[in-house]
Structure formats: structure tokens, C-alpha cells
Amino acid sequence: MRKVVMDMVYELAKKDPRIFFIGSDLGTEVLKNFKQEMPARFLMEGISEQHLIGMAAGLAAEGKIVYLNTIATFLTRRCFEQIVLDLCLHKTNVRLISSGGGIVYAPLGPTHLAIDDIAILRAVPNMTILAPADAEEMRRLMPATVDYLGPIYIRLGKGGDPIVAPNLPFEIGKGYVVREGSDALIVTTGVTLKTALDAADVLNQEGITVSILHLPTIKPLDTKTILEQAVKVPTIVVVEEHTILGGLGSAVAEVLMEAGFTDSKKFKRIGIPDVFPEGYGSQASMMEKYGITAKNIAETVKKLRE
Amino acid sequence: MKLDERSRQLREQMIRVMEKGKRGHLPSAFSMTEILRILYDEVLRYNPADPLWKERDRFILSKGHGCIALYVLLAEKSFFPQEELWKFCKPDGLLGGHPERHIPGVEWGTGSLGHGLPVGVGFALNAKYEKANHRVFVLVGDGESNEGSVWEAALSASKHKLDNLVVIVDYNKQMTYGTTFEVQDLEPLAEKWKSFGFGVREVDGHDLHGLRSVFSQVPFAPGKPNVIICHTVKGKGVKFIERNFSWHHKSSVGEEEMKLLYEGVKNNA
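Residues numbered from 1 in each chain as written. Chains lettered and ligands numbered in written order. Predicted model: local features only at pLDDT ≥ 70, side-chain atom pairs only at ≥ 80, totals over all residues.

Attention now moves to the interface of chain B and chain A. Counting from both sides, the interface comprises 19 residues of chain B and, opposite them, 20 residues of chain A. Listing elements by their share of the side of chain B that touches chain A, those giving two or more residues are α5 (116-129) and α6 (148-159) of chain B. For the side of chain B that touches chain A, the element with the highest residue contribution is α5(B), accounting for nine residues. By residue class, the composition of the side of chain B that touches chain A is eight nonpolar, nine polar and two charged. (Contact = placed C-beta atoms within 7 Å. Helix = DSSP H or I, 4+ residues; strand = E, 2+ residues; numbered from the N terminus. Nonpolar A, V, L, I, M, F, W, Y, C, P; charged D, E, K, R; others polar.)

Quick look at the structure:
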């Protein structure tokens, strides 16, 4: 996904002279072609996230479209106020490309685990949050980010993630019904679409059919599709590679509560609980540890149906 | 040094703004009155009829709390009607306690410190990229210079050889709690900026001739960003608020005090 997003930045920049790229201190091979062919629009600016955001905002206010990449935790936590004021308040066309969204960097420990990026950015007016499921969806998504007004956060997966998102034109703000069933609805975003699909297969073998709603745009939320799908089933589970506080699960819960589904629906969030994840291992082993697995989703759906 | 009539009049307007809005960071505004006056009277290129005119010089008031001074000048230059000044901080007013970009003539919304210079670097970098000859001026406070982002941006300005960027430091040496020397000493400040690759000038920030002269020398060295360290007095112009720590921000000023402020300015002739 990371390779594709960078390839796309290069391709888009070749066609559109307004596009700039800013990195902090990225790998030496990153966008080599961009740097060679469009050196004045390629900026590697050092480990100074507050400055990077401010500078990007300045360029964007002058009519440029700035793609800015660094590690997710540094890109969101370190410079949060710059994001709020210089990007969101001023509605500048800066696209934050966050490497290692969620627990991709599991072996690197808590400083690198972006388990709260969606929650903190979701609270800020004018921010748009995207989390595609795979590299192909990223390829479809990127052209939509060029002329979109206001800042965008683009959450990257690990890379090599299975291609599972439906091959449909990408529209920012639109949810995609990936499967339809009558017993439960699984709502998800990003790479956990694959986990949800696996869970659906497990449940299907037991005669339970589920719908899957993939929301690659977390903000603005496609509440219409959420409600259309939710009304059809008694049970709803939200799965995300993120803390259960303030992310997609919370967002969906807010929509359901306000639609008056309180008594008639069984609902559960699956994600990282309210802890700093402990230990290292891999993204997969940490997902396993915190139950972000097909097995746990399937069991949760069954339990809610009891 | 006594103030001339224009400097006194500008301060009287600011007092009036504070009187109407019943609040404001008056001493911070007084500290940079001469700097802003010279900028808007003689240095900056702008067009009030077309505030976003492409060739305008960009001015960012990064120490946004001093905005009363900026508002008075922008109103005087017809960026917006004078009447707006009398609605300062009112529910239906254009002008709040910190500047916002929707105000004609305000280049960037500030209020949280340490934001203006990174944005200014973006502006200046864009001007270089576009081979445009407008300039970018960013006024920062001395307390603001505690923020790491100021120095991150300084590194970047120097790397990109932004000689079209002028940082102005309002060095009144006074923060909210105490002096900069007590709270967080910036000295040797000129040396710091020099070591960050800037062309540096120091000037008395209330001396009109000195300011004029130093602005006319920009760029100080080709290929280097510029900084002008303006030695100023917080509250300058009214003796009883000068260097008076109880006067950083006021949200209630009695009639008697207002009278004293007007008299204070008048007496500074």
C-alpha cells in the first residue's frame, strides 16, 4: 500500500504542477523519481513535524496541493495543534499520508502504535479521514484526493495486504456494501475488511449470513448507508485496528443510538481495548492478542445472537 | 523618547477598541505599534480593495494576542469599516481577541504561539518556487520564541535560503509571569539567529528612523533569511502600564483606568 501511494503521488504530480511532496526523514529510496524529475516540488524537511505541517499549510494556502508523509503517530500526536489550526481551521489542501496506521509497527513498541489516530482526528472539524483496505483501493482513492477541498488523512496499512475491496469507483464519503446477509452486520474500515470477510466465511459455514459494510471514509461518515444496512439486521459488530474509544466503533454507535436503535439491536465494538498494547511480535500476533480476528468476530456475532 | 502625534493617535484608537470590547492585550499592542506603523505606512505592498492580491507582501502577526494594533491599522487603511473596531470581541463583530483569516488583510489566523513562522516559510518557499518577488514578514514575540516550532522553521528557512522572509522579533523582554530573563532566557538572541543562518539586525523598535533604515536594508545578505530584533517596551506610551506585569491582558478596565490610559498617551508628547 505504501509503494502504491508513493507511486500515485509521483503519477499525480507529473500531471498536476500544483502537487508538492514533503517528507520528514524517510527512506533514501522514497520517491527517487519524483526528486529527480521534479526536484523543486520534493521536500525532505527533517524531523520537525510541527514545522512540516505549518509549512505545508503555507504552501497550500498559496494554491498548492501538498502530500506529506511520515510515521502515523508522529504525524498525528506530535503536531496535533498544527493539524487543528493550520490545516483544519484554515481548510488547507494538505494530504497527510500516515505510515503504519494501527498496529503495523507492533515490533517497535508503544511509541509507534497509531491506535488513536482516527479518534483524535475525528474530533476536528473539516478533517477527512480515509483508510483503504488494500493497495488497489489506494490506487483508486488517490486521484479523488487531488481536487478535494480541505485536509485529508490517509491511513496506510502494512503493505502486501490481500486485495479484497470491491473494484468500484472510489468516492470520498461513500461506504461499500461488500456482502449482504440477514443475521448480522459487520462494519469495518481499512485492512480489517479482510478479517471481516474471513469471519463471514466462518459464520456462513454455520448457516449464519452477515452483511459487511466497508467504510474507507471514516469522516465524513456515510450514515445513510450505515442506517440502511443496520435496519435490516438484529446484530451489529464494528471491527477496527484502533482503540475502541472514539474510532469507527464509537462513530457507528453514535449513529445507531441517535437513530433510536437502542433497544432493538445488539451491538459490539471490536478493537484495541483501553490499554497501551503490551509486548511486541507482529501486527498479526498483536491483532490475535486483542481479538481482532475472524474467529473472535464470528464468536462475538454468535454470542450477541444468543 | 517621546511619541509623535501619529503614534499617539494609533494608541488612542487602540485604547478606544479596548474600551468598547472591555478587554485586550494592550501592552503587547503598544510594544509593536511603531513596527506595524512603519510596515503598513512604508514597507508592505498591499491593496485594501483586493486583500488577496497575488503580488501583495504577506504579513503574519504570529503573536496574535497583539492584534488590536493590527486591527487599528487595517481599519485605517480601509481593509474593513472603522465601525468594526467598536465591535471588538462582540458576538456580531468581525474582530475577535485573536486574528482570523476571514478578516480582510489578516494573512493567517494566529493566537496559539509558534504557528506563524512555519506557515511563513511555506509562503516564502512558494514565492521562490513561483519566482514571485513579494516578500513575507512574520512578527513573533519573545515569549513565543520559547516554542520549538519557531526554531524548526528557522532551520528550514535557512536551508531554503529564504532571503524573501523577514522575521521581526518584538523583544520587549516581558512575558506574562515575569521577564524573559526569569522565565526563559533567550540570550544571546542575536547570536542564536545568526547561528541559525539568518542575517541579523537589531534596532530600537520604537525608533522610527531606525526601523525605516533597517527595513530598507532587507535582504541583509543574499541567500539568507532575515531577522530584525526589535528592542521594545511592553506597554510603551503609557507610563503606568509600561513594564507593568499586572497589565499583560485585561478583561475588565474601570472608567477611571480608561481615563488614565488616554491621559497617559496624551502626556507622552
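We now examine helix α10 (residues 248-258) of chain A. Residues and elements named next belong to chain A. If you check which residues of α10 are buried, you get Leu248, Gly249, Ser250, Ala251, Val252 and Leu256. Buried positions along α10 lie against α6 (117-122), β8 (184-188), β10 (217-219), α9 (223-230), β11 (235-243) and β12 (266-272). A positive phi of about 85° marks Gly260, the residue just after α10. (Buried ≥ 20, exposed ≤ 12 C-beta atoms within 10 Å, placed from the backbone.)

Glancing now at the pairing of strand β9 (residues 210-214) of chain A. Two faces belong to every sheet, and in a regular strand the side chains alternate between them. Residues and elements named next belong to chain A. Of all five residues in β9, five are buried, a share of seventy percent or more. Because side chains alternate across β9, one face comprises the buried residues Val210, Ile212 and His214, and the other comprises Ser211 and Leu213, equally buried. Here strand β7 (residues 176-179) pairs with β9 via three bridges, running antiparallel. When the sheet's bridge partners are listed, Arg179 is paired in β9 with Ile212. Bridge analysis of β8 against β9 gives five bridges, and the strand direction is parallel. Following the sheet pairing, Val187 is matched in β9 by Leu213. (Pairing = 2+ DSSP bridges.)

Further remarks concern the nonpolar core. Membership of the largest hydrophobic core comes to 170 residues, with the highest contact counts inside it found for Ala56(A) and Ile186(A). Considering every element that reaches this core, the biggest residue donor is helix α4 (residues 67-76) of chain B, with nine residues. Non-local contacts of Ile186(A), meaning those with residues more than four positions away in its chain, are made with Ala196(A), Ala199(A), Ala200(A), Val210(A), Ile212(A), Val237(A), Val239(A) and Ile297(A). (Core = buried A, V, L, I, M, F, W, Y, C linked by C-beta atoms within 7 Å.)

This brings us to the sheet that holds strand β2 (residues 42-44) of chain A. Residues and elements named next belong to chain A. Spatially, β2-β1-β3-β4-β6-β5-β10 is the arrangement adopted by the seven strands of the open sheet, whose pairing is mixed. In the strand order of this sheet, the two ends are held by β2 and β10, each with one partner. If you compare each strand with its neighbour and ignore which way they point, the axes differ by 20° on average. Pairing geometry for strand β4 (residues 94-99) and strand β6 (residues 152-155), over four bridges, is parallel. Bridging across to β6, Ile97 finds its partner in Ile154. Here helix α1 (residues 2-15) sits on the sheet in contact with β1 (19-23), β3 (65-71), β4 and β6, set at roughly 140° to β1. With respect to the sheet, helix α3 (residues 49-61) is in contact with β1, β3 and β4, its orientation differing from that of β3 by roughly 165°. (Axes fitted to C-alpha atoms, helices over the stretch in contact; angles between N-to-C directions.)

Geometric descriptors of this kind do not, in isolation, establish any biological role.
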